[in-house]
Amino acid sequence: MANSKKLLAGTTGAIVAAASLPARADWSLLNMPVGVSELSREIYGMHMLILWICVVIAIFTFGAMIYAMVKFRKSKGAVADMSMLHNTKLEIAWTIVPVFILVGMAIPSVDKLIKIEDTTGSELTIKVTGYQWFWEYEYLGTGVSFYSRLDEASNEARQLDSGLDPEAVDHYLRNVDNPMVVPTGTKIRLLLTANDVNHAWWVPDFGMKRDAIPGFINEMWISVDADKPGTYRGQCAELCGRDHGFMPIVVVAKPRAEFDAWLAGEQVKAQQASTGAATTVRVETTDGGESVRLAKAE
Amino acid sequence: MAHHEHAAEHAHHDEKPAGIMRWLTTTNHKDIGTMYLVFSLAMFLIGGLMALVIRAELFQPGLQFVDPGFFNQMTTMHALVMVFGAVMPATVGLANWMIPMQIGAPDMALPRMNLFSFWLLFFAFMLLLSTLFLPGGAPAAGWTLYPPLVLQTGDAFPVAVFAVHLMGASSIMGSINVIVTIMNMRAPGMTLLKMPLFSWSWLITAYLLIAVMPVLAGGVTMLLTDHFFATSFFNPAGGGDPVLFQHIFWFFGHPEVYIMILPAFGIVSEIVQTFSRKPIFGYEAMVYAIASIAFLSFIVWAHHMFTVGMPLAGQMFFTLSTMLIAIPTGVKVFNWTATLWRGSISFEPPMLFAIAFLFLFTIGGFSGLMLAIAPADFQYHDTYFVVAHFHYVLVPGAVFAIMAAVYYWLPKWTGHMYDMKLANIHFWMSTIFVNVLFFPQHFLGLAGMPRRIPDYATQFSDWNMVSSIGAFGFGLSQLLFVYIILKAAKGGAKATAGVWEHPADFPAGLEWTVPSPAPYHTFETAPEVK
């Protein structure tokens, strides 16, 4: 059977991969990305704070358990101390001390929440709509909107038994035809909704995800550092049906001037389209439905 | 003690139909307990096979084995089978076997209802598993059944809803039985605060079940009417609210998580004290901690939904209430540690599994605390970090505790000691592979891999491969578990009544005072508890 051969090859590959892990391991893949915005850095900081608190508590708790298991073994002649059945002072202490630790964690987290939820003062609003299985980005007030789907190379390679090697595809499953474009150094408000089922919009480098739910408009804000233009990738994070794994998100962050030029170009295209200089292209969606995409005439 | 009368009574009552009729008509708590446990083991293997389909597909990037739609059916069914078919029935089976024996009762209070609830569960699962063969396949919207996606399910939809109804009815009946038994049938002298912790944990679990199963039943019924009778509970086009379902589901779902873990707490408490040869440290605190956890489980549900766009005040409330759970849970972990402290510890298979529980469940507790912090959860939510978290509390948590219980009580059930050497091998293989399987999933989630995807970007390849190797290793180890149980059921060294060592200054519980195997009817004359 082809599959069993594959499995065998895969197992061999896994052993080789495991053996060579230290050599090729990318340690950044062990932890949350620090990200490229003030929010993502604060969220990362929060994550590391609680992680280290947990590590310290773990060292004490596991240390005590291991010590007990080594020291109080019956085989070493340990005799059970029947007087040790409870100790009110100790029990009160280990109920109260965690309260203080938790308060110490709660205060900064509430502080960050307030900041995360404050979408005021944004300079640009983009409406993000989830569909089965692609995204639409609408730059409110500019007339610019477009759909964003999995790119063709990934789409071919991801078919069952395509025979194509995902490793050979550029940004396999994390590439789209039309990326979302945003200016750096700008507070951008995203309005999230969906047309069919729940989706969630998530780019780890921006520190946030939020659900896109039909009938609701959710808000979140992002802001890419002025000195960090680049391409940032994520994907839908809420199970949305068969092709949930195949609706990536790509955001290209450009310096303000370049973004303005891009937006102006898109506005011209949009105007041409609305004055009839463009043809309407019908695009089949995977579920058999149809959506309409505007494209510039050839 | 009137030994002769006892023996005569046994001879009289032990008559039971031979063969299959015994199992179809029995109202004996031990037989019903056995049926629940065997059913649970079968479901554990079926759910495990589904997990292996998932891990085989995720072994490397690209789609090699299954269609994405079928992959979603597997993730959904794996969860439903493991939660409702494997973990819950296993703890119900243990409750059936052990609660009457621990509290000195002759049987469960409502034996016919007991049998009815087992067969309801059995047919619920026949229905649920049959959906795999219906047009459109099994449910594929995740075990959380979120609308609108779940409304796209094919013919399986009403069948799955009916199966959930049956499971709920079965659980509620089982819970009524536990509560009535414990409240009315304790041996004279056994006050509530003398009751073994396993029975205590189940008493509280039973109340949780009665409180939340109707909520789930209500939620899925609303889905049903949305689908077939044009109501709009969850349909925004008709003025409904898809998020309402999430609130209903998690109001059931969070207590449900504790329904799976509280009996595990009880089991681990019993085992840790037996093999430390010293009663549990802070018995009353342990009881109150379980009760506090049960109470808190009703006011934390929306931490599963931090990304749905709740008001700020809601996010703060659910962050803080969730963090509170760490306090009673911490009390339990500290008390277990203190029970080990200055004990006289030995490491038989039940103790090995219980100790693995202490470490690995606590790791799941830590990741749970991290997930409670809403701002950090915006990154963790719906990633493999969550998958790693709940598998740590459910597999080396609940499932290891159930295995510990089997190794603890199997000699009492069968009258035979099992193969200790094989059980030790089973322990080490399970413990090593469960970590190879789930620990790397923390890294995958933090690095940005969402859950419930059949294929992934290539930077996630290495750890997925490691995780899949762990999955196959863990899966194969469980065949050993089945073999050990079958072998012990067939024969082996004769087990004593006490089975394990019970020092004179720490007398054994009632279940260890009857012979092994436990006679068909125990405690027809109530024992006296001092």
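Every chain is numbered independently, its residues counted from 1 as its sequence is written. Lettering of chains starts at A and numbering of ligands starts at 1, both following the order in which they are written. Local features in this predicted model are restricted to residues of pLDDT 70 or higher, and side-chain atom pairs are both shown and tallied only at a pLDDT of 80 or more, whereas totals for entire chains, interfaces and linings draw on every residue. Heavy atoms from the whole structure form the basis of all side-chain values; hydrogens and water molecules are not counted.

As for the overall build of chain A
We apply this condition: Only DSSP runs of H or I reaching four residues or more are called helices, and only runs of E reaching two or more are called strands; each is numbered from the N terminus. Whether a residue is buried, partly exposed or exposed follows from its accessible area with a 1.4 Å probe, protein chains only, as a fraction of its type maximum: under 20%, in between, or over 50%, in that order. Whether two residues are in contact is decided by their heavy atoms: any pair within 4.5 Å suffices. Note on areas: Shrake-Rupley with a 1.4 Å probe; residue coverage comes only from the protein chains shown.
A count of helices and strands for chain A gives six helices and 12 strands. The buried share among the 298 residues of chain A stands at 47%. Within chain A, residue pairs in contact and separated by at least 24 positions form 64% of the contacts whose partners lie at least 6 positions apart. Accessible area of chain A: about 14200 Å², with a carbon and sulfur share of 60%.

Some words on the side chain of Ser346(B)
Residue and element names in this part refer to chain B. Using the following cut-off: Pairs of N or O atoms are called polar contacts if they sit within 3.5 Å, as long as, within protein, a hydrogen donor faces a hydrogen acceptor (for residues adjacent in sequence, only side-chain-to-side-chain pairs).
Tracing the backbone shows Ser 346 in the loop between α11 (326-340) and α12 (349-372). You can call Ser 346 buried: its relative accessible area is 11%. Looking at Ser 346, its side chain comes within polar contact range of the side chain of Glu 348, at 2.8 Å. Residues in contact with Ser 346, not counting those within four places in the same chain, are Phe 275, Arg 277 and Met 351.

Focus: the side chain of Asn464(B)
Residues and elements named next belong to chain B. Its place among the elements puts Asn 464 in helix α16 (residues 461-490). Here the side chain of Asn 464 touches Arg 55 through a polar contact of 2.9 Å, side chain to side chain. If we skip the residues at most four places from it in the chain, Asn 464 touches Arg 55, Leu 58, Phe 59, Leu 444, Met 449 and Tyr 456.

Notes on the confidence of the model for chain B
Residue and element names in this part refer to chain B. Worth spelling out the cut-off: Each residue carries a pLDDT value, the predictor's own confidence for that position, ranging from 0 to 100.
Chain-level pLDDT for chain B is 94 on average; 97% of the residues reach the 70-or-more range. Across residues 1-9 the pLDDT falls below 50, and counting only partners more than four positions away or on other chains, this stretch makes three contacts in the model. Here the complex is predicted with pTM 0.91, and the ipTM for its interfaces comes to 0.91.

Regarding the packing of helix α8 (residues 242-276) of chain B against α11(B)
Residue and element names in this part refer to chain B. Quick note on the threshold: To get an axis, fit a line to the C-alpha atoms, keeping to the stretch in contact for a helix; angles then go from 0 to 180 degrees between the N-to-C directions. By the definition adopted for this analysis, an angle is roughly parallel if under 35 degrees, roughly antiparallel if over 145, roughly perpendicular if from 65 to 115, and oblique otherwise. Here is the rule for handedness: rotate from the far helix to the near one, and if that takes an anticlockwise turn smaller than a right angle the crossing is left-handed, while a clockwise turn gives right-handed. Just so you know the grouping, Ala, Val, Leu, Ile, Met, Phe, Trp, Tyr, Cys and Pro go in nonpolar, Asp, Glu, Lys and Arg go in charged, and all remaining residues, Gly too, go in polar.
Interhelical geometry of α8 versus α11 gives an angle of 15° and a closest axis separation of 9 Å. Classified by the angle between their axes, α8 and α11 sit roughly parallel to one another. Between α8 and α11 lies a crossing whose hand is left-handed. Only Lys 332, Trp 336, Thr 339 and Leu 340 of α11 make contact with α8, whose side of the interface consists of Phe 265, Val 268, Ser 269, Val 272, Gln 273 and Ser 276. Across the contact of α8 with α11, the residue classes tally to five nonpolar, four polar and one charged.

Topic: the pattern of salt bridges
It is possible for side chains bearing opposite charge to pair when their charged atoms get close. Test applied: The salt bridge definition used is simple: a Lys or Arg side-chain nitrogen within 4 Å of an Asp or Glu carboxyl oxygen.
If you walk through the whole model with that rule in mind, you get 19 salt bridges over all chains. Between Glu123(A) and Arg256(A) there is a salt bridge, and its shortest N-O distance comes to 3.1 Å. Of this pair, Glu123(A) sits in the loop between α4 (88-117) and β1 (124-131) while Arg256(A) is found in helix α6 (residues 256-274), placing the two residues 133 residues apart along the sequence. The exposure class of Glu123(A) is exposed, given its relative accessible area of 54%. The network of salt bridges with shared partners includes Arg158(A), Arg242(A), Asp243(A) and Asp67(B).

Some words on the domain arrangement of chain A
All names here are of chain A. Heads up, the rule is: Residue ranges for the domains originate in an automatic or database domain assignment.
For chain A, the assigned domains are domain 1 (31-117) and domain 2 (124-274). Taking only C-alpha atoms, the centre of domain 1 and the centre of domain 2 are 38 Å apart. Domain 1 puts 12 residues into the contact, and the matching count from domain 2 is 12 residues. Between domain 1 and domain 2 we count two salt bridges in total. For Glu 117, the salt bridge goes to Arg 210, with nearest N and O atoms at 3.0 Å. Applying the counting criterion to the domain 1 and domain 2 interface returns seven residue pairs in polar contact (both at pLDDT 80 or more). Taken together, the elements giving at least two residues each to the side of domain 1 that touches domain 2 come down to α3 (38-71) and α4. At five residues, the largest contribution of residues to the side of domain 1 that touches domain 2 is made by α3. Partitioned by chemical class, the residues of the side of domain 1 that touches domain 2 number five nonpolar, three polar and four charged.

As for the pairing of strand β5 (residues 188-194) of chain A
Note on strand geometry: in a regular strand, side chains alternate between the two faces of the sheet. Residue and element names in this part refer to chain A. Selection criterion: Whether two strands pair comes down to DSSP finding at least two bridges between them.
Extensive coverage of β5 is indicated by the burial of six of its seven residues. Direction of pairing for β1 relative to β5: parallel, over a ladder of seven bridges. Following the sheet pairing, Leu 124 is matched in β5 by Ile 188. Summarising the sheet, β5 and strand β8 (residues 218-222) pair through five bridges and their orientation is antiparallel. The residue bridging Leu 191 from the neighbouring strand is Glu 219, located in β8.

Considerations on the interface of chain A and chain B
Using the following cut-off: Reported buried area values correspond to the accessible surface (1.4 Å probe) lost by two parts on association, with both partners' losses combined.
Tallying the contact residues gives 97 residues for chain A and 102 residues for chain B. Per-residue buried area on chain A facing chain B is highest for Met84(A), Trp94(A) and Leu239(A); these three make up 8% of the total on that side. Seen at the junction of chain A and chain B, the total is three salt bridges. The shortest N-O distance in the salt bridge between Arg342(B) and Asp81(A) comes to 2.3 Å. Across the contact surface, chain A and chain B share 21 residue pairs in polar contact (both at pLDDT 80 or more).

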